Amino acid sequence: MPSKGTQVLQSKSRKAAMGVIDTLQSLGINHHLDIPQIVAVGDRSAGKSSALEALVQTRYMRFAPGDSDCTAFELVLRHTNEHTKDANDTSTVSLTECPGEKQCHPRKCQDKTEIPGEDEMDEITEDAHTRGELEFSADFFRIGVSGPSQPHLTIVDLPGFYSAASGMQSSQDAQMVNKLVQSYLRNPHSIILAIVSGGEDFNIQEVTTITRQVDPLGNRTIGIITKPDTLVRGSVAERHCLELAQNRKVTFRLGWHVLCNRSLRTMSATDEERDRAEDEFFNQGVWSALPASQKGASSLRSRLSEILDDHIRNQLLGIRREINTQLSDCCERLEKLGPPRRCPTEQRKYLIEASRRFTDVVKAAVVGNYDQHNFFRDQTEFSLRGYVHSSLGDFATDMRQRGKADRIVGEEIEPDSREVSRDCYLARVQDTMRCLKGRELPGTFNPLIIGELFREQSYPWRKIATECADHLFTETKENLREVLRPVVGRSVSEKVWDTFINPNLDQLKRDLDEKLDELLRLCESGQAISYNRYVTESVRKKHAGRHEALVRCILSGVYNYGETAESYEETLRKIAEATEPDMETAACHSAMDWAEAYYEVALEQFVDEFSRLAVENCFVMKLPSLFTMEMVNKMDEQTLEQVAGEEHQVAVERAMLDEKQRALEAGLQELGNFLDDTHTH
């Protein structure tokens, strides 16, 4: 039958609270966040194991091979509330070797109805040691004791502190032990059992110093003094030990407690006999002055149960918040990894969905419907249509300002510029006309001269248009790469880029270059062909303007210099004779007028054709076809695996996150049920 102390721990409400923590641990929540637990820590041979045996009334062997008298591994005592199928009060004991920092699954060593004996335990731990390099390890053994008479409690017994290398332990072992213990003590949800030996000077025991470092106010620390019965009655050491128990030397808010360890004489005694002997000792001498609530294993069970229950209830809301935070982070990381891609079906489905998202974003960007897709809410800098519009606008301005090889002006020109006076250019036209002289009559010109003059003047067009096309391609390529990463996922984006988008984008650039070359070859062919009325109208205006200038010159000579006004007939005669006397020069002027008029029309036409036929039709409008569902459907399984198959690191991360998500969701559900029931009652 359960003892009275055990029955205290099994009260309904406390059992429920500790049951939640036990369930969270069984789900593996403790691997992801800190949860309330009891952590026993002390120096080597301070009596930790004996103190815990007295506390939980369960005997277990110290996990060290051979004759070593210390706990060499982190030890977790788990007491479950599962009943055995047998009607008798029989406990089931399971022993499991659990990984510490290693990412592997626990290895069950034993599953019996009793704690393994010393020889059997030595064999198990010896095997664990031979698989490691150090005497102490981050791995630990878990003992689960389940049965109707067992208390519902979880306790962690950590390796004891030591500083000097001796025997089988090295200085490297000491560092590992200290690091391991510190990781548990820093858990703000843990209750620390700081166990010190009454038979040694507490000033040289590391446990008090370290626990005060991690818990300066002693809010979650209980000091446990062991082996008071080894002190000489009435000695200074006994008095100092009593003062420590009275919280007068090292102050903990939760105070201190005194326990008697089993000796060789009482090793075979029952738990009830052990408790009676302990009570008899504390009712004598200086210890009789200490309150009953601060001495003995029986009172410690009650005291610790109350503290643990209150501590758990105070921490559960915070734990739920932590679970929610980690669950959100876990879901976010899984979302970034995207859906699983373990087989060809999943891989093809993933790429089809990725191509759909990419195509939708690019389509919206091409037409400029930025409010039609959520992508543009976060990527405000990506404006494909705006960039194309701006680039083509700059191209048109460039063509009008820098497109003409020679800009014909008046007599005054700036040095080192593209400007040329009309007289100089007229002389060049005359030379060209002589070279292209055919069978035309005097005063006329070969029509080919217009095409030749246009070809010379439009020489800069190829460079300006090519620069615009190259720059547009480069910027679009960079923008599409930025689009691909968040839409498709970083783990696959580079492979999708190399397999689909980059080759297809290069093909679009070749199509753009071919169309541009086609348009430029028409300009460079020397054939001036146009049915635009603006050409003839422009020539007429140029002729009329030049004639008007001559007339103004004549009239200014008649009226502006104070000469006697001539007769009306004389003025008309001068105006009528105001023509170019040299017919070849007149033909050069006319050819220049036709060439300039044709250039102006051809310039605007080329700007439009480059923008519409080359940039828009051959490049921009085809961007949504870079990565389509049809392309994905044509992929063979080998290519699918190469492009969309999960890398080992991604698969491992996904499996870890999936397992973590399941544990967190189950823990959140369990915690929610408990808190809801608590509020209901």
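Note on numbering: residues in each chain are counted from 1, in written sequence order. Totals for whole chains, interfaces and linings use all residues, but because this is a predicted model, local features are given only for residues with pLDDT of at least 70 and pairs of side-chain atoms are given and counted only at 80 or more. As a rule here, side-chain values cover all heavy atoms of the structure and leave hydrogens and water aside.

Draft legend 1. Structural detail: the packing of aromatic side chains. Stacked, edge-to-face and tilted are the three classes for Phe, Tyr and Trp ring pairs, Trp counted by its six-membered ring, which pair at centre distances within 6.5 Å; planes under 30 degrees apart are stacked, over 60 edge-to-face, the rest tilted. For the coordinates displayed, the defined rule picks out 14 aromatic pairs. Seen in terms of ring centroids, Phe 395 and Phe 610 are 4.5 Å apart; in terms of plane orientation they differ by 40 degrees. Their pairing is tilted. Taken together, the positions of Phe 395 in helix H12 (residues 384-402) and Phe 610 in helix H19 (residues 583-618) put the pair 215 residues apart, joining distant regions of the chain. When sorted by exposure, Phe 395 lands in the same class as Phe 610, which is buried. Counting every residue linked through ring pairs, the aromatic cluster contains Phe 395, Phe 454, Trp 461, Tyr 598, Tyr 599, Phe 606 and Phe 610. Runs of H or I in DSSP of at least four residues are treated as helices and runs of E of at least two as strands, each being numbered from the N terminus. Any residue under 20% of the maximum accessible area for its type is buried, any over 50% is exposed, and the rest in between are partly exposed; the area is computed with a 1.4 Å probe on protein chains only.

Draft legend 2. Just the packing of helix H15 (residues 461-488) against helix H16 (residues 490-524), in detail. As a rule, the C-alpha atoms of each element are fitted with a line to give its axis, helices using only the stretch in contact, and angles between N-to-C directions run from 0 to 180 degrees. Their axes nearest at 10 Å, the elements H15 and H16 cross at an angle of 160 degrees. Judged by the angle between their axes, H15 and H16 are roughly antiparallel. Here the hand of the crossing between H15 and H16 comes out right-handed. Each angle receives one of four descriptions, namely roughly parallel if under 35 degrees, roughly antiparallel if over 145, roughly perpendicular if within 65 to 115, and oblique otherwise. Each crossing gets its handedness from the near helix: less than a right angle anticlockwise from the far helix is left-handed, clockwise is right-handed.

Draft legend 3. Representation of the pattern of salt bridges in the model. Should a side-chain nitrogen of Lys or Arg be within 4 Å of a carboxyl oxygen of Asp or Glu, the pair is scored as a salt bridge. Considering all chains together, one arrives at 27 salt bridges under this definition. Arg 356 is the partner of Asp 360 in a salt bridge, and the nearest nitrogen-oxygen pair spans 3.1 Å. Here Asp 360 pairs with Arg 356, and both are found in helix H10 (residues 344-367), just four residues apart, close to one helical turn. A relative accessible area of 29% places Asp 360 in the partly exposed class. According to the relative accessible area criterion, Arg 356 is partly exposed, its value standing at 37%. One connected set of salt bridges, linked through shared partners, spans Arg 239, Glu 243, Arg 248 and Lys 249.

Draft legend 4. Quick look at the state of the cysteines. Criterion for a disulfide: a pair of cysteine sulfur atoms within 2.5 Å. Tallied over the entire structure, the rule returns zero disulfides. As a non-bridged cysteine, Cys 330 has Cys 331 as the owner of its nearest cysteine sulfur, 5.8 Å distant.

Draft legend 5. The packing of H12 against H15, seen in detail. Contact pair H12 / H15: the axes reach a minimum separation of 10 Å and the direction vectors enclose 165 degrees. Here H12 lies roughly antiparallel to H15, going by the angle between them. The two elements H12 and H15 meet at a crossing, and its hand is right-handed. In this structure, H12 contributes Leu 384, Tyr 387, Val 388, Ser 391, Phe 395, Asp 398, Met 399 and Arg 402 to the contact, and H15 contributes Trp 461, Ile 464, Ala 465, Glu 467, Cys 468, His 471, Leu 472, Glu 475 and Thr 476. We call Asp, Glu, Lys and Arg charged. Ala, Val, Leu, Ile, Met, Phe, Trp, Tyr, Cys and Pro are nonpolar, and the rest, Gly among them, are polar. The class makeup of the residues in the contact of H12 with H15 is 10 nonpolar, three polar and four charged. Residues count as neighbours in contact if any of their non-hydrogen atoms are within 4.5 Å of one another.

Draft legend 6. Seen up close, H10. The span one expects for a helix is its residue count, reduced by one, times 1.5 Å. Helix length check: H10 (24 residues) gives 34 Å between terminal C-alpha atoms against 34 Å at 1.5 Å per residue, within 8%. Every buried residue belonging to H10 is among Gln 347, Tyr 350, Leu 351, Ala 354, Ser 355, Phe 358, Thr 359, Val 361, Val 362, Ala 364, Ala 365 and Val 366, and all of these are buried. Looking one or two places after H10, you find Gly 368, whose phi comes out positive at around 85 degrees.

The analysis is restricted to geometry; functional conclusions fall outside its scope.
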